[in-house]
Structure formats: structure tokens, C-alpha cells
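Examination of the molecular architecture
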Amino acid sequence: DFLPLKCDACEQVFCKDHIRYDDHKCSSAYKKNVQVPVCPLCNIPIPVQKGEIPDVVVGAHMDKDCKYNPMQQKQRIFTNKCLKPGCKRKEMMKVVCEQCGGNFCIKHRHPLDHDCKGSSRPTSKA
């Protein structure tokens, strides 16, 4: 147990109590790190080659290759406007009338609620 052990990152010799990277504060541990860093702006994994410092590689990506678009963060969720005249409601998902094919809000989704003129078959009051 007291045999000297060689660190595979910095190649220095340690005892069994200090062989872990954290135990001897190995400055070369990043060479053996297999985690893939992710860009904090665009959330894309950034490939890091052996021997490169992840922080430097991610920083370089952010400076020139990053596809981050601040306007993308501000995209609206409720974009489906109700076609009933006078109604200004918008829904997150399309609510399409089966008879006329129009897009309506939840309140006006039934054919009787939006004065549907799409089909000649009678609509029920149910």
C-alpha cells in the first residue's frame, strides 16, 4: 500500500492517500476530464481536444462561432389569434374548427360560438 503511484495527468509520484486529482490539487487534471462543456448562451456542446482548457475553448466559441440570438429568447408563445371578429384572444396551440377550418380561441372554438359558415350540415347545441 505504500508503493509510490504515478498520477496519469501530471506524472508526479504520490502515495495512495494523495493519488486522486483533488487530493493533490492536480493542475493537469483537465487533460483527463471527459466532460463536454456546453455553451451557456446557445446550449450547444463544445468539443474540446486533449490538452485544451475547456474555459478557453468555450470562450473562443462565444467570441466567434456562437449562434446565440437574444431575440430567440423573446419569442412569443401565444401566437394563434382568434378569427372571430372583435375577439383579440390568442392561444398557445391552434384550435381549428372542423367545419370551416378557421383558427379560434377556446371560447369561440365551437361552430355556434363563431357563427360558422363552413358546412351545410346542422350543428347541435350540445
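Residues numbered from 1 in each chain as written. Predicted model: local features only at pLDDT ≥ 70, side-chain atom pairs only at ≥ 80, totals over all residues. Heavy atoms only, no water.

Per an unreviewed UniProt entry, the protein goes by the name ZFN2B protein and belongs to Dromas ardeola.

This part is about the environment of P4. Structurally, P4 is set in the segment before β1 (5-6). In this structure, the C-alpha to C-alpha distance between P4 and K16, residues 12 residues apart in sequence, is 7.5 Å. Discounting residues that sit within four places of it in the chain, P4 has contacts with V13 and F14. (Helix = DSSP H or I, 4+ residues; strand = E, 2+ residues; numbered from the N terminus. Contact = heavy atoms within 4.5 Å.)

This part takes up the state of the cysteines. Following the criterion strictly, the structure yields 0 disulfides and no others. Considering cysteine sulfurs only, C39 is the nearest to C66, which forms no disulfide, with 3.8 Å between them. You can see C87 has no disulfide; the closest cysteine sulfur is in C82, sitting 3.8 Å from it. (Disulfide = S-S within 2.5 Å.)

Turning to the pattern of salt bridges, a few remarks are in order. Enumeration according to the criterion identifies 4 salt bridges in this entry. The salt bridge partner of K84 is D115, with a shortest N-O separation of 3.6 Å. Here K84, found in the loop between β3 (80-81) and β4 (90-91), pairs with D115, found in the segment after β4; they are 31 residues apart in sequence, far enough to count as distant. (Salt bridge = Lys/Arg side-chain N within 4 Å of Asp/Glu carboxyl O.)

In an α-helix, one full turn covers 3.6 residues, which means residues spaced three or four apart are oriented alike. Taking 1.5 Å per residue as the helical rise, helix α1 (residues 54-65) with its 12 residues ought to reach 16 Å, and the 15 Å between its terminal C-alpha atoms agrees with that figure. Of all the positions in α1, only V57, V58 and H61 are classed as buried. Buried residues of α1, seen end-on, are gathered within an arc of 95° and therefore sit on one face of the element. Facing away from the buried surface of α1 by more than 90 degrees, the exposed residues are D55, V56, D63 and K64. (Expected span 1.5 Å × (residues − 1). Buried < 20%, exposed > 50% of the residue type's maximum accessible area, 1.4 Å probe, protein only. Arc of directions from axis to C-beta.)

What follows is about unusual backbone geometry. Despite not being glycine, K25 shows a phi value in the positive range, around 50°. By secondary structure assignment, the location of K25 is in the loop between β2 (13-14) and α1. With a relative accessible area of 69%, K25 lands in the exposed category. In this structure, D115 takes a positive phi of about 50° despite not being glycine.

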